[in-house]
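# Topology and contacts: notes
Take a look at the letters that make up each chain.
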Amino acid sequence: QVQLVESGGGLVEPGGSLGLSCVASGFAFSVYAMSWYRQAPGKERELVASITTDGTANYGDSVQGRFTIFRDNIKDTLYLQMNSLKREDTAMYYCNAVHKWLAARNYWGRGTQVTVSS
C-alpha cells in the first residue's frame, strides 16, 4: 500500500524555523521525483520545492533562499527545512511523489499544517 506521511508542522512565530518530514512506503522511493506543495485557505495549491531522483532541487520564487528540500533514499524520507518563516507561509503542506518515467504514478500525502503567527 502506497503511503506518504507528512509530519513536523505546527505553530511558529514569524522569523522562526520548522522542519517537515515525509516518510514514504509501498513504492520505490529512489525512482520518484519528490515535491512539497502547499495550499492556503482560499488559494490554489502551489509548488514549494521539488527534488529529482539525482538530487537536483528547485524552489518556488517565494521560498527561494529560505527553504531547503532534501531527500534520504535510504530512509525513504523527504524533508523540507523552512527558515525565516513569514505569515504568508501559513498553509497545509503536502508531499508529492511522481515516478521519473511514468507520470501516472503520482501520489499525495494528507498534509501537515504550518501556521506562522505571533
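Across all of its chains, the model carries three salt bridges by this definition. A salt bridge links E46 to R38; the nearest nitrogen and oxygen atoms lie 2.6 Å apart. Using a relative accessible area of 34% as the deciding quantity, one classes E46 as partly exposed. Measuring nitrogen to oxygen at the nearest pair gives 2.8 Å for the salt bridge that ties D89 to R66. With D89 in the loop between β8 (77-82) and β9 (91-99) and R66 in the loop between β6 (57-59) and β7 (67-72), the pair connects residues that are 23 residues apart, well separated along the chain. Each member of the pair, D89 together with R66, is buried.

Calculation criteria
Residues numbered from 1 in each chain as written. Predicted model: local features only at pLDDT ≥ 70, side-chain atom pairs only at ≥ 80, totals over all residues. Heavy atoms only, no water. Salt bridge = Lys/Arg side-chain N within 4 Å of Asp/Glu carboxyl O. Buried < 20%, exposed > 50% of the residue type's maximum accessible area, 1.4 Å probe, protein only. Helix = DSSP H or I, 4+ residues; strand = E, 2+ residues; numbered from the N terminus.

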